Amino acid sequence: MEQDSPNLAVASVVDGGRVDGPHPVDSHVGLRIRMRRKEMGVSQERLAESLGITFQQVQKYERGANRVSASKLWEIATALRTPVSYFYDGLSDRESAAAQRDAAQDFLLSTEGIELMAAFPRITEASVRRKIVELICVVADEA
């Protein structure tokens, strides 16, 4: 690093030394946008139309390739009927968040995951939901 390049030093500290690839927070927010959009059954095209942007821009947000500005995140939250804080849930512990995000992404990108995600909140009795989780854990351990 050159001595006369203070901006590079700041960027290095802020980005944790990374030079390429999306920032983990941008990836996390993008994944949460995708999860909520799929949960609501909204296409990228429909979301883009409601935001006044192209569906390619929505794709870039969801991949974390482009950062979402505060005002655009507010619009996305409004369009997807969720609080802005939803997009930051799970960011407290970066390493465990990354592992959870990978597992959640795999789950939510599957057809069955989307169906379960849509149906599970409609089960109003907590004890029934708990039993379903226990059943899934047992079946998963036997597979």
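In what follows, the structure referred to is the one given above.
The structure presented is a predicted model; accordingly, all values stated were derived computationally and were not measured. Starting afresh in each chain, residues are numbered from 1 along the sequence in its written order. With the structure being a predicted model, the display of local features is reserved for residues of pLDDT at least 70 and the display and counting of side-chain atom pairs for 80 or more, all residues being used for whole-chain, interface and lining totals. Water and hydrogen atoms play no part in the side-chain values, which are based on all heavy atoms of the structure.

**Some details on the environment of Lys72**
Where helices and strands are cited, they refer to DSSP runs of H or I of at least four residues and of E of at least two residues respectively, numbered from the N terminus. Along the chain, Lys72 falls in helix α5 (residues 70–79). Sequence separation between Lys72 and Leu51 is 21 residues; the distance between their C-alpha atoms is 8.0 Å. If we ignore the near neighbours within four places in the chain, the residues touching Lys72 are Leu51, Ile53 and Tyr61. By definition, residues are in contact when any of their heavy atoms lie within 4.5 Å.

**Some details on the side chain of Thr82**
Along the polypeptide, Thr82 turns up in the loop between α5 and α6 (94–108). Three exposure classes are used, based on accessible area relative to the maximum for each residue type with a 1.4 Å probe and protein chains only: buried under 20%, partly exposed in between, and exposed over 50%. Under the relative-accessibility criterion, Thr82 is labelled buried at 14%. Residues within four places of Thr82 in sequence aside, it is in contact with Arg36, Ala77 and Phe87.

**Details of the packing of helix α3 (residues 44–51) against α5**
Lines fitted to the C-alpha atoms define the axes, with helices restricted to the stretch that makes contact. Angles between their N-to-C directions range from 0 to 180 degrees. At a minimum axis distance of 10 Å, the contact between α3 and α5 shows a crossing angle of 120°. Here α5 runs oblique to α3, going by the angle between their axes. In this structure, α3 crosses over α5, and the sense of that crossing is right-handed. Mapping the contact onto sequence places Leu47, Ser50 and Leu51 in α3 and Lys72, Glu75, Ile76 and Ala79 in α5. Gly falls in the polar group here, along with every residue not listed as nonpolar (Ala, Val, Leu, Ile, Met, Phe, Trp, Tyr, Cys, Pro) or charged (Asp, Glu, Lys, Arg). Looking at the contact of α3 with α5 residue by residue, the classes come out as four nonpolar, one polar and two charged. Roughly parallel refers to an angle under 35 degrees, roughly antiparallel to one over 145, roughly perpendicular to one between 65 and 115, and oblique to any angle outside these ranges. Left-handed describes a crossing whose near helix is turned anticlockwise from the far helix through less than a right angle; right-handed describes the clockwise counterpart.

**A word on the nonpolar core**
Ile33, Leu47, Val68, Leu73, Ile76, Leu80 and Phe87 are the most contacted members of the largest nonpolar core, which totals 19 residues. Mapped onto this core, the elements with two or more residues apiece are α2 (24–39), α3, α4 (55–63) and α5. Here the element with the most residues in this core is α2; it accounts for four residues. If we skip the residues at most four places from it in the chain, Val68 touches Ile33, Tyr61, Leu73 and Ile76. Put simply, a nonpolar core is a bunch of buried Ala, Val, Leu, Ile, Met, Phe, Trp, Tyr and Cys residues held in one set by side-chain atoms that sit within 4.5 Å of each other.

**Regarding the pattern of salt bridges**
We count a salt bridge whenever a side-chain nitrogen from Lys or Arg sits within 4 Å of a carboxyl oxygen from Asp or Glu. For the structure shown, the criterion picks out six salt bridges. Where Glu62 meets Arg34, a salt bridge forms, and the shortest distance between an N and an O atom there is 3.4 Å. With Glu62 in helix α4 and Arg34 in helix α2, the pair connects residues that are 28 residues apart, well separated along the chain. Among the residues examined, Glu62 registers a relative accessible area of 8% and is labelled buried. Look at Arg34 and you get partly exposed, because its relative accessible area is 23%. Each of the salt bridges in this network shares a partner with another, and the network as a whole consists of Arg34, Arg37 and Glu62.

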